[in-house]
Amino acid sequence: MSRFRLYPTCAQEASLRGHCAMARFVWNLAVEQGSHWRPHRKSAPRFAEQCRQLTEARADNAWLAAGSHTVQQQALRDFAQAMSAFFAGTHRRPTWRKLGRDEGFRIVGGQAQKVRRLSRRLGEVWIPKVGWVRFAWSRQVPAAKSYRVTKDRAGRWHIAFAAVPEPIPAPATDAVVGVDRGVVTSATLSTGELFVAPGLGPKEAERLLRLKRRLARSEPGSKRRARLTSQIARLAARQTDRRKDFVEKATTYLARSFDVIAIEDLNIKNMTRSARGTVQVPGTRVRQKAGLNRGILNSGWGDLARRLEDKAPGRIVKVRAAYTSQTCSACGRVDPDSRKSQAEFACTVCGHTEHADVNAAKNIIDRALGRGFAAGRAVTARGGGPMGTPANREPTCRPATRTKASRAVIPALSGGEDVKVQ
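What comes next is a walk through the structure. Remember, it's a predicted structure, so these values are computed and weren't measured experimentally.

1. Re the overall build of the protein chain
Argument step 1. Broken down by element type, the protein chain carries ten helices and 16 strands.
Argument step 2. Buried positions account for 38% of the 422 residues belonging to the protein chain.
Argument step 3. When contacts within the protein chain are restricted to residue pairs at least 6 apart in sequence, long-range pairs at least 24 apart make up 59% of them.
Argument step 4. Accessible surface, the protein chain: about 24,200 Å² in total, of which carbon and sulfur atoms supply 53%.

As structure tokens, this is what we get:
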């Protein structure tokens, strides 16, 4: 969607909040109907039946009839689409909408196409029972049949036109790049370029911590707590905006500059899972793992991969991430000792030195193109599988005596391939 910042007046903002309340009320009624179902009861009403019920409810309740029928009916349609996605297995079951967290409504039909430009930076959009509301004309407004108005926790209003932009065309230069995602360096290219997602500055982070401490001492339900919550939300929104801006600019640059983009296939949900454990089996180093999780989420790994697939469909190659940071891109040696520090890589065999993330990005390219051990196609020189069986003995450049605690991967003399030995 193409999203723009909305600037309503005080009177218009009150009407927009009323639309959000109506949409949330109708949505929660639909959720309640769905949660009432039991195996021995009839199924919950579908969209057509709910629309008939909505017409009857508007006739019996003047306050409901005062709201926009389009807003209320589209809330039911959104719920029907959410249930369809749930039964298809692509999304979770729709849950309750909460005041201050899920604020928004959708407008469809001819009313959604009433958009006009006022100046180079301002435009107006028609919202039923609100009137013409100004928004920031930051780029060309697409021709859309519907739009959604939302309010975030920081109190900002946005309008998003439902129009999918065209993918970015490939440069047709046969250029291939590997992208390694990290915490200190958010994205590292095999060409040597480093991208760091901007976050809060030192003063802003200090103020955020101070506000959170004051929030912990505030009385629940007090005006002071509401004020502190709003201030924290504005700081969090500032950090989110900077991360999204970084992701959009980085992905646009990659899609315009390279024909094939190779990235690691990471399960970010599992990687950022808490290490608390259970009461019976408590976790260890929980605070350290929580800090790592924050670093991963603040780097925008998931957004980077998702926006790359949106802007360059069919040109993204996902490869296994195992041992990409421990493999030498020059000789193929896999050794944890080669990773001297977060940014330093020095191969223990050939002496190749390079930035650790750049070295990992080159290994990602090798796997994407199917080259060498990094491609995950290692064949042992003994004639067996990668684990070293059967043992058809062949001389190696190093003695094959290793303990279980010191497993190593050594280069074989035959073909220069790598052999795992124990």
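The rest of the description comes next.
2. Let's talk about the sheet that holds strand E1 (residues 2-7)
Argument step 1. A sheet is described by the order of its strands in space; here seven strands give the open sequence E2-E6-E7-E1-E5-E4-E3, paired in antiparallel fashion. The open sheet has two free edges, formed respectively by strand E2 (103-108) and strand E3 (115-117), since each of these has just one partner strand. The average angle at which neighbouring strand axes cross in this sheet is 30°, direction not considered.
Argument step 2. In the packing of helix H4 (residues 69-88) onto the sheet, contacts are made with E2 and strand E6 (146-151), and the angle to E2 comes to roughly 100°.

3. Some thoughts on the sheet that holds strand E12 (residues 316-319)
Argument step 1. Within the open sheet, the five strands sit side by side as E10-E9-E8-E11-E12. Their pairing is mixed. Edge strands, defined here as strands with exactly one partner in the open sheet, are strand E10 (194-195) and E12.
Argument step 2. For strand E8 (residues 176-181) and strand E11 (residues 260-264), the ladder comprises four bridges, and the chain directions are parallel. When the bridges of E11 are listed, Gly178 appears paired with Ala262.
Argument step 3. Strands in contact with helix H10 (residues 356-369) are E8, strand E9 (187-189), E10, E11 and E12; relative to E8, the strand with the most contacts, it is inclined by about 125°.

4. A few points about the packing of helix H5 (residues 202-217) against helix H6 (residues 223-257)
Argument step 1. One can describe the packing of H5 onto H6 by two numbers: an axis separation of 10 Å at closest approach and a directional angle of 150°. Looking at the two axes, H5 sits roughly antiparallel to H6. Judged by the sense of rotation from one axis to the other, the crossing of H5 with H6 is left-handed. Together, Glu204, Arg207, Leu208, Leu211, Lys212, Arg214, Leu215 and Arg217 of H5 and Arg224, Arg225, Leu228, Thr229, Gln231, Ile232, Leu235, Arg238 and Arg242 of H6 make up the contact between the two elements.
Argument step 2. Residue composition of the contact of H5 with H6, grouped by class: six nonpolar, two polar and nine charged.

5. Concerning H4
Argument step 1. Counted at 1.5 Å a residue, the expected span for H4 with its 20 residues is 28 Å, and the 29 Å between its end C-alpha atoms agrees.
Argument step 2. Every buried residue of H4 is listed here: Val71, Gln72, Gln74, Ala75, Leu76, Asp78, Phe79, Met83 and Ala85.
Argument step 3. On its buried face, H4 is in contact with helix H1 (10-35), helix H2 (47-60), helix H3 (62-65), E2 and E6.
Argument step 4. Of the residues that open H4, the one with a side-chain oxygen 3.4 Å from the backbone nitrogen of Thr70 is Ser68.
Argument step 5. Just downstream of H4, Gly89 is the residue with a positive phi angle, here 85°.

6. Here's the deal with the environment of Pro282
Argument step 1. Examined against the element boundaries, Pro282 turns out to sit in the loop between helix H7 (268-271) and helix H8 (286-299).
Argument step 2. Once you skip the residues sitting within four places of it in the chain, Pro282 turns out to touch Arg276 and Gly277.

7. Notes on the nonpolar core
Argument step 1. Membership of the largest hydrophobic core comes to 35 residues, with the highest contact counts inside it found for Leu6, Phe105, Ile127, Phe135, Tyr147, Val149 and Ile159.
Argument step 2. For this core, the element with the most residues is H1, which contributes eight residues.
Argument step 3. Setting aside its immediate chain neighbours within four residues, Leu6 contacts Leu16, Val125, Ile127, Val133, Arg134, Phe135, Val149, Trp157, His158 and Ile159.
Argument step 4. Membership of the second largest hydrophobic core comes to 21 residues, among which are Phe195, Ala250, Ala255 and Leu304.

Criteria and cut-off values
Residues numbered from 1 in each chain as written. Predicted model: local features only at pLDDT ≥ 70, side-chain atom pairs only at ≥ 80, totals over all residues. Heavy atoms only, no water. Helix = DSSP H or I, 4+ residues; strand = E, 2+ residues; numbered from the N terminus. Buried < 20%, exposed > 50% of the residue type's maximum accessible area, 1.4 Å probe, protein only. Contact = heavy atoms within 4.5 Å. Areas by Shrake-Rupley, 256 points an atom, 1.4 Å probe, with all protein chains shown as cover. Pairing = 2+ DSSP bridges. Axes fitted to C-alpha atoms, helices over the stretch in contact; angles between N-to-C directions. Parallel < 35°, antiparallel > 145°, perpendicular 65-115°, else oblique. Left-handed = near helix turned anticlockwise from the far one by under 90°. Nonpolar A, V, L, I, M, F, W, Y, C, P; charged D, E, K, R; others polar. Expected span 1.5 Å × (residues − 1). Polar contact = N/O pair within 3.5 Å; in protein donor to acceptor, adjacent residues only side chain to side chain. Core = buried A, V, L, I, M, F, W, Y, C linked by side-chain atoms within 4.5 Å.

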